[in-house]
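Chains, contacts and geometry: an overview
In case you want the letters, here they are:
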Amino acid sequence: DAKTTQPNSMESNEEEPVHLPCNHSTISGTDYIHWYRQLPSQGPEYVIHGLTSNVNNRMASLAIAEDRKSSTLILHRATLRDAAVYYCILRHGGSQGNLIFGKGTKLSVKP
Amino acid sequence: DVKVTQSSRYLVKRTGEKVFLECVQDMDHENMFWYRQDPGLGLRLIYFSYDVKMKEKGDIPEGYSVSREKKERFSLILESASTNQTSMYLCASGWPTGMNTEAFFGQGTRLTVV
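A brief structural summary.

What follows deals with the overall build of chain A. Helix and strand content of chain A: 0 helices and 9 strands. When the helices and strands of chain A are placed in sequence order, the string is β-β-β-β-β-β-β-β-β. Computed over the C-alpha atoms, the radius of gyration of chain A is 13 Å, within 12% of the 13 Å expected from 2.2 N^0.38 for a compact globule of 111 residues. Dimensions of chain A, computed from the C-alpha atoms along their principal axes, are close to 40 × 30 × 25 Å. Residues counted as buried form 45% of the 111 residues belonging to chain A. As presented, chain A carries roughly 5700 Å² of accessible surface, and 47% of it is formed by carbon and sulfur atoms. Taken as two groups, the 11 positive and 10 negative side-chain charges of chain A have centres that lie 5 Å from each other.

Looking now at the side chain of glutamine 37 of chain B. Its place among the elements puts glutamine 37 of chain B in strand β4 (residues 31–38). In terms of polar contacts, glutamine 37 of chain B uses its side chain to reach the side chain of glutamine 38 of chain A, at 2.8 Å. Those residues in contact with glutamine 37 of chain B that lie beyond four places of it in its chain are Gln38 and Tyr87 of chain A together with Gly42, Leu43, Ser87, Met88 and Leu90 of chain B.

Residues and elements named next belong to chain B. For the structure shown, the criterion picks out 2 disulfides over all chains. Disulfide partner of cysteine 23: cysteine 91, at an S-S distance of 1.8 Å. Where cysteine 23 bonds to cysteine 91 through sulfur, the torsion about that S-S bond is close to -75°, and the disulfide is left-handed. A residue pair is termed long-range when its members are at least 10 positions apart, and cysteine 23 in strand β3 (residues 19–25) and cysteine 91 in strand β9 (residues 87–94) qualify at 68 residues. This pair shows no difference in class: cysteine 23 is buried, exactly as cysteine 91 is.

Moving on, we come to the pattern of salt bridges. Residues and elements named next belong to chain A. Scanning all chains against the criterion turns up 11 salt bridges over all chains. A salt bridge links glutamate 11 to lysine 110; its shortest N-O distance comes to 3.4 Å. In this pair, glutamate 11 is assigned in strand β1 (residues 9–13) and lysine 110 in strand β9 (residues 105–110), connecting sequence segments 99 residues apart. Glutamate 11 sits in the exposed class, given a relative accessible area of 57%.

Looking now at the pairing of strand β2 (residues 18–23) of chain A. Residue and element names in this part refer to chain A. The side-chain alternation of β2 yields one buried face, formed by Val18, Leu20 and Cys22, and one unburied face, formed by His19, Pro21 and Asn23. Across 6 bridges, β2 lies against strand β7 (residues 70–75) in antiparallel orientation. The partner of valine 18 across the bridge, within β7, is leucine 75.

Attention now goes to the sheet that holds strand β5 (residues 55–56) of chain A. Pairing is antiparallel in the open sheet, where 4 strands are placed in the order β2-β7-β6-β5 (chain A). Where the open sheet ends on each side, the last strands, each with one partner, are β2 and β5 of chain A.

So, about the sheet that holds strand β1 (residues 4–6) of chain B. Residues and elements named next belong to chain B. The strand order across the open sheet formed by 4 strands is β1-β3-β8-β7, and the pairing between neighbours is antiparallel. Of all the strands in the sheet, just β1 and β7 (64–70) have a single pairing partner and so form its edges. Going from strand to strand, the sheet's axes swing by 20° on average, the running direction of each strand aside. With 3 bridges joining them, β1 and β3 adopt antiparallel strand pairing. Counted as the bridge partner of glutamine 6 is cysteine 23 from β3.

Thresholds applied
- In this numbering scheme, every chain counts its residues from 1 along its sequence in written order.
- Think of it this way: whatever chain is written first is A, whatever ligand is written first is 1, and the rest follow in order.
- With pLDDT at 70 or above as the cut-off, local features in this predicted model cover only qualifying residues; side-chain atom pairs require 80 or more to be listed or tallied, and sums for whole chains, interfaces and linings still use all residues.
- Only hydrogens and water are removed before side-chain values are computed, so all heavy atoms of the structure are retained for them.
- Numbering goes from the N terminus for both helices and strands, where a helix is a DSSP run of H or I of at least four residues and a strand is a run of E of at least two.
- Computation of the radius of gyration draws on C-alpha atoms, with the globule rule given as 2.2 Å multiplied by the number of residues to the power 0.38.
- Between buried and exposed lies partly exposed: a residue is buried under 20% and exposed over 50% of the maximum accessible area for its type, with that area taken using a 1.4 Å probe on protein chains only.
- Per-residue accessibility takes into account occlusion by the displayed protein chains alone, with areas from the Shrake-Rupley method and a 1.4 Å probe.
- Counted as positive: Lys and Arg. Counted as negative: Asp and Glu, with His and the chain ends omitted from the count.
- Note that the charge is assigned to NZ on lysines, CZ on arginines, CG on aspartates and CD on glutamates.
- Between N or O atoms, a polar contact is any pair within 3.5 Å; within protein, one atom must be a potential hydrogen donor and the other a potential acceptor, and residues adjacent in sequence are included only when both atoms are from side chains.
- The criterion used for residue contact is that any of the two residues' heavy atoms lie within 4.5 Å.
- The disulfide criterion used throughout: a pair of cysteine sulfur atoms within 2.5 Å.
- Note on definitions: salt bridges are taken to be side-chain nitrogens of Lys or Arg within 4 Å of carboxyl oxygens of Asp or Glu.
- The criterion for strand pairing is that DSSP finds at least two bridges linking the strands in question.
- Throughout, an axis means a line fitted to C-alpha atoms (over the contacting stretch in the case of helices), and angles, computed between N-to-C directions, take values from 0 to 180 degrees.

Remember, this is a structural readout, not a statement about activity or role.
See the structure below:
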């Protein structure tokens, strides 16, 4: 399985944008890039995913490099409720691909 | 609005007991998963199932088995619980066949084996 590399931790100030990087240099052409986050004492929750083009939803934006070897999750205005561990995951396209979690990035948000 | 329900939030069992962790989803998903989460080790896949009565081993299946008799229910079984199985267990379900969408996780079961 292709691996991802993320910083262990990041800090942000409330109301400011946050850019969470992820490297996935061994990504294959059929791997989708998924982001999940896990708030304290909860199960992971889906944030966003994409294949080649940048994606936006109500939670975040996903910017994917042209060579697809890296991506960035963008939280446009961090709130205290965004403090969580963020996981960047590659999932093989198709019906039976798994979600293999790495260590993720622990995001702290300061008021 | 609950989509993935795990039968217990907290569970305490004795060494050697047979333990059943139940997970039910209401989204008609084919794929269901069991993970365990430990400090410093992250989420690790134990077993998954992509159809009724089908199962596949994940990264750490030793000491566990699973059952998927109905599409909506995926059970994790600890045949003889041991203290090193004390952990947070997370169930997930996801993506209709052929679609690469999101997975949904339950709230987790914190199991303590004493």
